[in-house]
Amino acid sequence: MKRSEFVKTTGLLTAGLTMARNVFAGQSTGTVLPDIAPPAAAEFPVVRVAAGKRHFESAVIDEAISTFGKNVPNQELAWLFNNCFPNTLDTTVTHTMVDGRPDTYVITGDIDAMWMRDSTAQVWPYLAFAKKDPKLQQLIAGVINRQAKYIIKDPYANAFYNDPEKQGEWKTDSTDMKKGVHERKWEIDSLCYPVRLAWNYWKMTGDVTVFEENYLAAIKNILMVFKDQQRKTSDGAYHFQRTTAHATDTLSMSGYGNPVNPVGLICSAFRPSDDATVFPFLVPSNFFAVKSLGQAAEIVTTVYRDNALAAELKALASEVKSALQKYAVTTHPVYGKVYAFETDGYGNHYLMDDANIPSLLAMPYLGTVSPTDPVYQNTRRMVLSKANPFYYEGTAAAGIGGPHVGKDMIWPMSLIIRGMTSNNEKEIRYCIDTLRKTHAGTGFMHESFHKDNPEKFTRSWFAWANTLFGEFLWKVYKEKKHLLG
């Protein structure tokens with residue numbers, strides 16, 4: 001089942017959680033930064049998978065959970081951290097050894113497939129703990145090894161099966177579909193996230209064993225695809241069409257999407273939401289590509305000693321960076337110079353933001369722009385206002401959604417990233433308190449919830465959102481613990 005169909009069928013809580021849901025009192029006022037009273041004392045049901053039944057157990061992660069619980073007076077936040085932070089390890093990973101090397105398959109939660117983006121984001125918060133837990137380090141190394149194999153198998157695909165021979169429901173899509181591929185939607189970030197994980201793993205652990213022959217081949221594939229999707233001399237090798245009632249699930253113009261002026265930017269047929277782009281130059285993903293190309297160049301120079309390949313990677317990064325400054329910036333009548341969400345190189349700009357990462361709001365989180373960049377600050381104000389058609393304000397919350405789920409549905413991910421990219425304590429506290437009040441009594445984050453009714457939500461098991469929320473709470477605990485009181 002594809003995501004856009006699955007999310008329409010989820011959102012109803014089990015009867016066993018109905019009583020638990022009723023203990024959570026109060027809602028936000030719907031204004032941007034309301035004052036929210038602390039929760040009333042309550043008992044919280046055990047919803048985390050029991051020890052011994054978890055897919056993977058890490059003493060260092062359980063120690064962090066215990067530390068958080070002992071030092072954060074808000075019982076509900078402690079409960080949420082206990083449930084959400086380890087959710088990827090508890091429920092989604094399958095770790096083995098293949099030919100003497102670590103191998104880890106990571107599902108998204110309710111969909112049995114491994115997204116290149118999600119799998120990186122799901123294990124990302126555990127990197128900081130990896131050196132203290134050799135088994136956890138090995139698990140993350142297994143994700144890197146698995147991702148390299150997938151990039152070699154099909155660098156245009158966004159999601160894969162554990163079984164290399166499996167054919168899923170999208171086998172009839174009009175594209176070069178291969179066995180073992182769940183979905184073949186070309187998204188720039190699908191190649192950026194694996195580089196982000198590998199580079200940071202290397203820097204944090206010092207382990208270079210993940211950089212063997214396969215990984216070098218994967219980097220070469222990334223460079224090949226990025227250059228191909230600049231579409232300088234043709235429409236490129238990738239095309240995609242699907243028979244569907246959902247316009248965002250297929251591409252126009254014979255499967256190539258809307259035309260672009262080849263100005264040096266990279267086309268992304270789909271967004272990180274798995275929705276089709278309107279203008280193929282997806283700006284936050286191009287910023288991500290610049291960052292990833294630089295990291296790949298450092299890996300190639302230091303580990304593989306291939307200066308020629310490193311020079312190619314750096315040259316492409318420089319070209320894309322220059323094109324972004326020239327073509328991605330436009331002037332908004334209220335907010336001044338801002339980054340567009342999408343552009344086409346012809347002078348057309350799409351001003352919006354989507355909750356999925358990379359987004360315009362999330363660029364400092366990914367390290368692709370400085371949080372003090374004045375254009376980013378203008379953009380931030382724009383996307384967190386009614387100038388963004390996918391920014392919703394309701395009686396339960398105010399936040400960013402996107403077309404993937406539909407109107408009036410706020411994604412917890414956008415509230416998490418808003419808090420993680422802010423230095424304003426009132427704004428950070430608003431994000432924490434709103435997330436605390438909108439989990440609908442489940443103890444977990446969801447893909448989205450209705451701006452007026454958090455009990456109307458999509459995806460009860462969405463590990464990326466859970467783990468990201470845990471990352472946010474841990475960051476606040478380490479830096480501004482008083483906000484968790």
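Rules of the game
Residues numbered from 1 in each chain as written. Predicted model: local features only at pLDDT ≥ 70, side-chain atom pairs only at ≥ 80, totals over all residues. Heavy atoms only, no water. Salt bridge = Lys/Arg side-chain N within 4 Å of Asp/Glu carboxyl O. Helix = DSSP H or I, 4+ residues; strand = E, 2+ residues; numbered from the N terminus. Buried < 20%, exposed > 50% of the residue type's maximum accessible area, 1.4 Å probe, protein only. Core = buried A, V, L, I, M, F, W, Y, C linked by side-chain atoms within 4.5 Å. Contact = heavy atoms within 4.5 Å. Pairing = 2+ DSSP bridges. 1 Å grid on protein atoms, 1.4 Å probe; cavity = no way out; pocket = protein on both sides within 12 Å on 5 of 7 lines; lining within 4 Å. Points joined across faces, edges and corners; volume = space filled by probe spheres on them. Nonpolar A, V, L, I, M, F, W, Y, C, P; charged D, E, K, R; others polar. pLDDT = per-residue confidence, 0-100. Phe/Tyr/Trp six-rings, centres within 6.5 Å; stacked < 30°, edge-to-face > 60°.

Q: Before we move on, can you summarise the pattern of salt bridges with the specific residues and values?
A: Evaluated as defined, the whole model comprises 32 salt bridges. Residues Asp62 and Arg48 are paired through a salt bridge, measuring 3.1 Å at the closest nitrogen-oxygen approach. Pair noted here: Asp62 is in helix H3 (residues 59-71) and Arg48 is in the loop between helix H2 (18-21) and H3, with a separation of 14 residues, a long-range link. Among the ionic pairs, Glu427 bridges to Arg418, the shortest N-O distance being 2.7 Å. Both residues of the pair, Glu427 and Arg418, count as buried. Here the salt bridges do not stand alone but share partners, grouping Arg48, Arg54, Glu57, Asp62 and Asp90 into one network.

Q: Any details on the nonpolar core? Residues and values, ideally.
A: By size, the foremost hydrophobic cluster in this structure holds 152 residues, and its most contacted members are Ile140, Trp186, Tyr215, Phe226, Ile357 and Phe472. Counting residues per element, this core draws most heavily on helix H10 (residues 283-304), which supplies 11 residues. Ignoring anything within four residues of it in the chain, the contact list for Trp186 reads Pro155, Tyr156, Leu191, Val225, Phe226, Gln229, Tyr238, Ile266, Cys267, Ser268, Ala269 and Phe270.

Q: So, the sheet that holds strand S3 (residues 114-115): which residues are in play, and what are the values?
A: Taken together, 3 strands build an open sheet; the order of strands is S3-S4-S5 and the sheet is antiparallel. The open sheet has two edge strands with one neighbour each: S3 and strand S5 (181-183). Across 2 bridges, the pairing between strand S4 (residues 159-160) and S5 is antiparallel. By the bridge assignment, Phe160 is partnered in S5 with Val181.

Q: Tell me about the pairing of strand S15 (residues 453-458), and name the residues and values.
A: It is a general feature of regular strands that their side chains alternate between the two faces of the sheet. Relative to S15, strand S14 (residues 448-450) runs antiparallel, the two being bridged by 3 bridges. Opposite Phe449, over in S15, you have Phe457 as the bridge partner. Counting the residues between successive antiparallel strands, the hairpin from S14 to S15 contains 2 residues.

Q: Hey, could you go over the layout of surface pockets for me, with residue numbers and the actual values?
A: Of the voids in this model, the largest pocket is the one considered here, and its volume is about 580 Å³. Tallying contributions element by element places helix H16 (residues 463-479) first for the lining of the largest pocket, with 5 residues. Counted by class, the lining of the largest pocket contains 14 nonpolar, 4 polar and 8 charged residues.

Q: Go over the sheet that holds S14 with me, naming the residues and quoting the values.
A: Paired through their backbone hydrogen bonds, the strands of a sheet run either parallel or antiparallel. Taken in spatial order, the 3 strands of this open sheet run S13-S14-S15, and their pairing is antiparallel. Each edge of the open sheet is held by one strand with a lone partner, namely strand S13 (409-410) and S15.

Q: Kindly report on the confidence of the model for the protein, identifying the contributing residues and their values.
A: The pLDDT averaged across the protein works out to 92; a share of 91% of its residues lies at or above 70. Per-element averaging of pLDDT across the protein places H2 at the bottom with 33 and strand S6 (residues 281-282) at the top with 99. In the model, residues 1-41 has pLDDT below 50 throughout and makes 96 contacts with residues more than four positions away in sequence or in other chains.

Q: So what about the packing of aromatic side chains? Which residues, and what values?
A: Taken as a whole and judged by the stated rule, the model has 19 aromatic pairs. Their ring planes at 15° and their centres at 4.9 Å tell us that Phe81 and Phe85 sit as a pair that is stacked. For Phe81, a relative accessible area of 0% corresponds to the buried category. Owing to a relative accessible area of 1%, Phe85 belongs among the buried residues under this scheme. A ring pair is formed by Phe81 and Trp474, whose centres lie 5.9 Å apart and whose planes are at 15°; its orientation type is stacked. Of the two residues, Phe81 is situated in helix H4 (residues 75-84) and Trp474 in helix H16; the sequence distance between them amounts to 393 residues.

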